[in-house]
Amino acid sequence: MRTPKERGNLGVVELISSDEQLATSNDLWGFQVTKFKKNIISGLAKVVNLPEENIERMLEIPTESNRGDFAFPCFQLSKIRHQPPSEIAMTIAKELGKIEGISSVENIGPYVNFRVDNTILTKEILSEIYQKKEKFGETDIGSNQTIVIDYSSPNIAKPFHVGHLRSTIIGNCLKNVYQALGYKVISINYLGDWGKQFGLLVLAFQKWGDKEKLKEDPLKYLYKLYVKVNQAAEEDPSLHSKARELFKRMENKDSEILEYWRKFRALSIKKYEEIYNRLGISFDVYSGESQYNEYMKKIIGEIKDKKLWQSSQGAKIIDLQEYNLNIALLKKEDGTTLYLTRDIAAADERYQKYHFHKMLYVVGTDQKLHFEQLFKILELLGRKWASHCIHVDFGRVQGMSTRKGKVIFLEDLLDEGQKRALEKMKTNLEKFSQLSNAKLTADICGLSAIIFADLSNKRIKNYEFDWNKILNFEGDTGLYLQNAHARIAGIMRKSGIELTDRIDYSLFKEKEAVSLIRWLTGYPEIVKLAGEKYEPSFLCTYLLELARYFHKAYHLMRVKGEVSTIARARMNLFWATKQVLGNGMKFLGMKLLERM
RNA sequence: AUCCUGGUAGCUCAAUUGGAUAGAGCAACAGCCUUCUAAGCUGUAGGUUGGGGGUUCGAGUCCCCCCCAGGAUGCCA
């Protein structure tokens, strides 16, 4: 018998299996390297007497590239054949004849290692990039199904600070990735524009409000009021009940209170749009909790009819303890609704509208229970698509507390990034003088550093906010990527070598070139993986390594001044590197620099 | 108290999801700018993967027990 805990986890298991479907549903992975893999698999099948699917699953990529491109481990065979794995590997390596496109087969210990022919591989990958350009890495595995992504979703009563950056850029990256995977993406900014906190704000504005200051900088001013009223409420708890009273009037459509609300909302959205614009982020839909007052009545009716909820201490609750999900509160004692109630309505309405294949909520991990409750309630309401809703959670930026007033505004971070980049740029006046728009370049540099600092760690990790860490320009940072990109642009401008695919693909002898070429082949797989796992950091790690391989090659393999056959071959490789680098950086949300 | 996440080099993080000798960056030290961007490159040094058991050919990764940190746990969102 399953314990409640396991039943609670069942939803997660289902989600993972649907991901695996996504992973294996494509036989045609539009990528040439699969061809080599297939040859190896069919070659092995003749020798080891295993079904091809099993062999495919067992085949790995060696940790160190000098061992080969594919490896077949013989541990499992050792059980069947009752022989040491290293002996089996040796026999297999001997029995395998010539495999098309594979230049060497050798056994190292318990593995049979395969190396793809350099020239053939180079030709395959470089011509594919040359043909596909910005479309390299795209696939149609999404077959135009709809994915709804709910991200950024700031709370209007609270400031847009550094903590909100995560949802915004993770969501934006996933949007780009899913579009590249052939999905139709609907991006929704679901504003926190309803709830008790507006009661608090109205209260504060009635007490201390100043219309002029509000117009000047609505976000910062509302924030100041919010902090002030929270501090006051600590000494005088009756303010909370007054705020609840005001919110109740809002839900009852009291026009006087709604007037305040409308003003706060409109001014805030205007300011948000400026910030999104600067980040280069846009949404298909601006929505908000306030939009669901009518639809919510329908859902509440259904919950009542299905007898899902019960009264408790004057409030309406759904007891989810048997699923290890505590108790979900849907209506307060005073009859007003909660975040969760509105989310149920919003989810249902979205499914009616979009019939999504998946819906992603990019929201902090501190709301994990909230989403588990939400998905469970949808399931209890008989919504089969509940298992297609996914909470893409992420760790907290520590050191930001709205109520205590200890926050860093995103805008200030962007400004500081720009300032520091500008200072750095001025240390090389020769380069600096060639920039047509230094301020814009500096802004892109700052933003690249910020995006990368945030996206490069795995989503789930918390991190402490640190100016110097986020705005560091050396080492593993967004600037390392921009630098590689701009350098290749420099080669293209200055070498005098034209870009062509009529090159001799056998000219890449250096080990730096071989590594770089092999790394390029992995890009489409990484895009897919980042999508499957909702993990932008995979893309970051890949791009960092790509830039590293380039930088190593760059110092050894010149283009300018070399004999033309070599120069043209190298130009093609570096251009391809720039293309792939740029494709990935755009997914992360970076604008590309040709000079810096 | 219960549940969820994390814990890897002095610091910040990787590790192709159970595979081969655990890798990068920062900080430190030693080198490289008359040649396409030095925001770069080359090298040195840095480890009992929090601790202890277990599962197996094989564990940083899976299971159990502790320790530490963060978060969540009905009238916020």
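Residues numbered from 1 in each chain as written. Chains lettered and ligands numbered in written order. Predicted model: local features only at pLDDT ≥ 70, side-chain atom pairs only at ≥ 80, totals over all residues. Heavy atoms only, no water.

Engineer: Before we go on, may I ask you to explain the sheet that holds strand β8 (residues 315-319) in this structure?
Structural biologist: Think of a sheet as strands paired side by side through backbone hydrogen bonds, with each pair either parallel or antiparallel. The three strands are arranged β7-β8-β9 in an open sheet whose pairing can be described as antiparallel. Each edge of the sheet is formed by a strand with only one pairing partner; in this case those strands are β7 (310-312) and β9 (327-331). Each adjacent strand pair in this sheet contributes to an overall mean axis angle of 45 degrees, direction not counted. With four bridges connecting them, β8 and β9 associate as antiparallel partners. Its bridge partner being in β9, Lys 316 is matched across the sheet by Lys 331. (Pairing = 2+ DSSP bridges. Helix = DSSP H or I, 4+ residues; strand = E, 2+ residues; numbered from the N terminus. Axes fitted to C-alpha atoms, helices over the stretch in contact; angles between N-to-C directions.)

Engineer: So what exactly am I meant to see when it comes to the protein's contact with RNA strand B here?
Structural biologist: What surrounds RNA strand B is a group of 73 residues, the closest being Tyr 111, Asn 326, Lys 431, Arg 487 and Lys 494. Of what RNA strand B places within 4 Å of the protein, 60% of the atoms are sugar or phosphate. For RNA strand B, a sugar or linking oxygen lies 3.3 Å from a polar atom in the side chain of Gln 398. Top element by residues in the surface near RNA strand B is helix α20 (residues 478-494). It accounts for eight residues. Here the surface near RNA strand B is composed, by residue class, of 25 nonpolar, 18 polar and 30 charged. (Near = heavy atom within 4 Å. Polar contact = N/O pair within 3.5 Å; in protein donor to acceptor, adjacent residues only side chain to side chain. Nonpolar A, V, L, I, M, F, W, Y, C, P; charged D, E, K, R; others polar.)

Engineer: Is there a simple way to explain a positive patch on the surface in this structure?
Structural biologist: Residues Arg 493, Lys 494, Arg 558, Lys 560 and Arg 595 make up a contiguous surface patch of positive charge. Within the element layout of this structure, Lys 494 appears in helix α20. (Patch = residues over 30% accessible without salt bridge, like charges linked within 9 Å, V, L, I, M, F, W, Y side chains within 5 Å. Areas by Shrake-Rupley, 256 points an atom, 1.4 Å probe, with all protein chains shown as cover. Salt bridge = Lys/Arg side-chain N within 4 Å of Asp/Glu carboxyl O. Lys, Arg positive; Asp, Glu negative; His and termini not counted. Charge placed at Lys NZ, Arg CZ, Asp CG, Glu CD.)

Engineer: Can you help me understand unusual backbone geometry in this one?
Structural biologist: Working note: non-glycine residues mostly have negative phi, and peptide bonds are mostly trans. One non-glycine residue, Gln 313, adopts positive backbone phi at about 50 degrees. Relative to the assigned elements, Gln 313 resides in the loop between β7 and β8.

Engineer: Teacher, can you tell me more about the side chain of Ser 127 here?
Structural biologist: Along the chain, Ser 127 turns up in helix α6 (residues 118-132). Ignoring anything within four residues of it in the chain, the contact list for Ser 127 reads Thr 122 and Tyr 505. (Contact = heavy atoms within 4.5 Å.)

Engineer: Sorry if this is basic, but what is going on with the sheet that holds strand β3 (residues 111-116) here?
Structural biologist: Read across the open sheet, the three strands follow the order β1-β3-β2; overall the sheet is antiparallel. Here the strands that pair on one side only, and so sit at the sheet edges, are β1 (70-73) and β2 (102-108). Sheet twist, expressed as the average angle between the axes of neighbouring strands with direction ignored, equals 20 degrees. Pairing of β1 with β3 involves four bridges; the strand directions are antiparallel. When the sheet's bridge partners are listed, Pro 73 is paired in β3 with Tyr 111. Contacting β1, β2 and β3, helix α5 (residues 85-95) crosses the sheet at an angle of about 155 degrees to β2.

Engineer: Before we go on, may I ask you to explain the pairing of strand β5 (residues 184-191) in this structure?
Structural biologist: Within β5, seven of the eight residues are buried, which leaves it mostly tucked inside the rest of the structure. Each parallel crossover has a hand, and for strand β4 (residues 146-150) linked through helix α7 (residues 162-180) to β5 it is right-handed. The pairing of β5 with strand β6 (residues 285-288) spans four bridges and is classified as parallel. The partner of Leu 191 across the bridge, within β6, is Gly 288. (Buried < 20%, exposed > 50% of the residue type's maximum accessible area, 1.4 Å probe, protein only. Right-handed = clockwise from strand over helix to strand, strands pointing away.)

Engineer: Please clarify how the packing of aromatic side chains should be interpreted in this entry.
Structural biologist: Ring pairs (aromatic) are described by centroid distance and by the angle formed between their planes. Tallied over the full model, the rule gives 29 aromatic pairs. Relative to Tyr 111, the ring of Phe 75 lies with its centre 5.7 Å away and its plane at 85 degrees, an arrangement referred to as edge-to-face. In this pair, Phe 75 is assigned in helix α4 (residues 75-81) and Tyr 111 in strand β3, connecting sequence segments 36 residues apart. By relative accessible area, Phe 75 is classed as partly exposed at 41%. One aromatic cluster in this structure is built from Tyr 151, Phe 160, Tyr 272, Tyr 276, Phe 283 and Tyr 286. If you follow Lys 220 out to its NZ or CZ, it ends over the ring of Phe 409, 5.2 Å from the centre. Arg 350 extends its terminal NZ or CZ atom over the ring of Tyr 190, reaching a point 5.0 Å from the ring centre. (Phe/Tyr/Trp six-rings, centres within 6.5 Å; stacked < 30°, edge-to-face > 60°. Lys NZ or Arg CZ within 6 Å of the ring centre and 35° of its normal.)

Engineer: For this particular structure, what's the right way to read the pattern of salt bridges?
Structural biologist: One side chain can pair with another of opposite charge once the charged atoms of both are near each other. The tally for this structure, following the rule as stated, stands at 34 salt bridges. Here Lys 353 makes a salt bridge to Glu 349, at a shortest N to O gap of 3.8 Å. Of this pair, Lys 353 and Glu 349 both sit in helix α14 (residues 339-354), four residues apart, which is roughly one turn of that helix. Relative accessible area serves as the criterion here: at 18%, Glu 349 is assigned to the buried category. Arg 459 serves as the salt-bridge partner of Asp 393, at 3.4 Å between the closest nitrogen and oxygen. Of this pair, Asp 393 sits in strand β11 (residues 389-394) while Arg 459 sits in the loop between α18 (438-455) and β13 (463-464), and the two are 66 residues apart along the sequence.

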